Amino acid sequence: MSTDGSSAGTKLSHKELDPHKLLSEIQELRARLRTEEARHATELTQFAHAASHDMREPLRMVASYTQLLSRRCDGKLDDDGREFMRYILDGVQTMERLLEDLLTYSLQLRPLDKPPSTVDTEAVARGVLLKLEKQIRESGAEITYDDLPAVQCDFTHLSQVFHQLITNSIRFRGALPPRIHISATRNDDEATFSFSDNGLGIEPRFHEEIFRAFKRLHGREYPGTGVGLAIAKRIIEQYGGRIWVESEAGQGAVFRFTLPT
């Protein structure tokens, strides 16, 4: 028995506790994990590309022959027949949007290929509102925003998030024209953005689910594939932020997300 209170079999040498060696092993492990993550993300993206390409061709064929059949049978189809044709074409368009969103989502699973840069958030807002000018006009939406701080992100990625949150509020509007306000608060090295609307609102039990891919809370009367918020969530998390919603059914919604400044 050792007199210093430790047995020879459990006593560790200075070599075994070498912090430099331990740090090196941790860094090596992290590098292997990043490499593996990148490999899996690349494989998923390649699969999504292949699936998108291979499935779009038969979808185009279905659409083309349906339209050809509709023209040839013009005047011979009853109301049910014409409605069936519309169902087919609507299904094809839904599948094409779904494939496009699946490809977009898979691209967000890849590790960032460049470090974040300082993004002028107000320039992002102006660009997105210009792109959505037709939807805003047709819906009668009123969209306002306060002074918005610059953040560490990517201009295109942040534009995707703004685009998704604004179109979401326009799409799921209530009886009144959409009223959307964008604001932000800054705290130390982080900014919190808020997108508030007067739309349909979301029951609390669905607050987590709406950020899952292909999750749809409403029926087919509302367009969309249920991927947009999942893409927004992935983008925000890539840059070290988080996104959530505060809402009650029938009382509008406030989507919030954080990003480093």
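This section reports on the structure supplied with the text. Residue numbers run consecutively from 1 along every chain, following the written order of its sequence. Per-residue local features of the predicted model are confined to residues with pLDDT of at least 70, and side-chain atom pairs are confined, for both listing and counting, to 80 or more; whole-chain, interface and lining totals are unaffected and use all residues. Values shown for side chains rest on all heavy atoms present in the structure; no hydrogens or waters enter the calculation.

**With respect to the packing of aromatic side chains**
Think of a pair of aromatic rings as described by two things: how far the centres are apart, and how the planes are tilted against each other in angle.
Consideration 1: Under the pairing criterion, centres of Phe, Tyr and Trp rings, with the six-membered ring standing for Trp, must be within 6.5 Å; the plane angle then separates stacked pairs below 30 degrees from edge-to-face pairs above 60, leaving the rest tilted. According to the stated counting rule, one finds 6 aromatic pairs in the structure shown.
Consideration 2: Members of the aromatic cluster, each reached through a chain of ring pairs, are Phe162, Phe193, Phe195 and Phe257.
Consideration 3: The rule for a charge over a ring is simple: NZ of Lys or CZ of Arg within 6 Å of the ring centre, and within 35 degrees of the ring normal. The ring of Trp244 is capped by Arg242, whose NZ or CZ atom sits 3.9 Å from the centre of that ring.

**A short note on unusual backbone geometry**
Consideration 1: The phi torsion at Asp188 lies on the positive side, around 55°, for a residue other than glycine.
Consideration 2: Under the DSSP-based scheme used, a helix requires at least four consecutive residues in state H or I and a strand at least two consecutive residues in state E, with every element numbered from the N terminus. With respect to the secondary-structure elements, Asp188 resides in the loop between strand S4 (179–187) and strand S5 (190–197).

**Section: the nonpolar core**
Consideration 1: Residues Leu158, Phe162, Ile166, Phe195, Phe255 and Phe257 are the most contacted members of the largest nonpolar core, which totals 40 residues.
Consideration 2: Those elements giving two or more residues to this core turn out to be helix H3 (121–131), strand S3 (151–153), helix H5 (155–171), S4, S5, helix H6 (228–238), strand S6 (243–247) and strand S7 (253–260). Grouping buried Ala, Val, Leu, Ile, Met, Phe, Trp, Tyr and Cys residues that are joined through side-chain atoms within 4.5 Å yields what is termed a nonpolar core. Between buried and exposed lies partly exposed: a residue is buried under 20% and exposed over 50% of the maximum accessible area for its type, with that area taken using a 1.4 Å probe on protein chains only.

**What about the pattern of salt bridges?**
Consideration 1: Whenever Lys or Arg places a side-chain nitrogen within 4 Å of a carboxyl oxygen from Asp or Glu, that contact is recorded as a salt bridge. Evaluated as defined, the whole model comprises 5 salt bridges.
Consideration 2: Among the salt bridges present, the one from Glu246 reaches Arg256, with a minimum N-O distance of 3.1 Å. With Glu246 in strand S6 and Arg256 in strand S7, this residue pair connects regions lying 10 residues apart in the sequence.
Consideration 3: The partly exposed category is assigned to Arg256, whose relative accessible area is 23%.

**Observations regarding the side chain of Ser159**
Consideration 1: Mapping Ser159 onto the fold places it in helix H5.
Consideration 2: Judged by relative accessible area, Ser159 falls into the buried class, the value being 16%.
Consideration 3: Whether two residues are in contact is decided by their heavy atoms: any pair within 4.5 Å suffices. Each residue touching Ser159, except ones within four places of it in the same chain, is listed here: Val124 and Val128.

**Some points on the packing of H5 against H6**
Two quantities define a packed helix pair, namely the angle between the helix axes and the distance between the axes.
Consideration 1: The axes are straight lines fitted to the C-alpha atoms, using for helices just the contacting stretch, and the angles between their N-to-C directions are given from 0 to 180°. Contact geometry for H5 and H6: axes closest at 9 Å, N-to-C directions at 145°. Here the hand of the crossing between H5 and H6 comes out left-handed. From H5, His157, Gln160, Val161, Gln164, Leu165 and Asn168 reach across to H6, where they touch Gly228, Leu229, Ile231, Ala232, Ile235, Ile236 and Gln238.
Consideration 2: Per-class residue counts for the contact of H5 with H6 are 7 nonpolar, 6 polar and no charged. Each crossing gets its hand from how the near helix is turned against the far one by less than a right angle, where anticlockwise is left-handed and clockwise is right-handed. Under the grouping applied here, Gly and all other residues not named as nonpolar or charged are polar, the nonpolar ones being Ala, Val, Leu, Ile, Met, Phe, Trp, Tyr, Cys and Pro and the charged ones Asp, Glu, Lys and Arg.

**Some points on the packing of H3 against H5**
Consideration 1: Closest axis-to-axis distance for the H3/H5 pair is 9 Å, and the angle between their directions is 55°. On the basis of their axis angle, the class for H3 and H5 is oblique. Crossing hand, H3 versus H5: right-handed. The segment H3 lies against H5, with Thr121, Ala123, Val124, Ala125, Val128, Leu129 and Lys131 engaging Phe155, Leu158, Ser159, Phe162, His163 and Ile166.
Consideration 2: Residues that form the contact of H3 with H5 fall into these classes: 9 nonpolar, 3 polar and 1 charged. In these notes the angle categories are as follows: under 35 degrees is roughly parallel, over 145 is roughly antiparallel, 65 to 115 is roughly perpendicular, and the rest is oblique.

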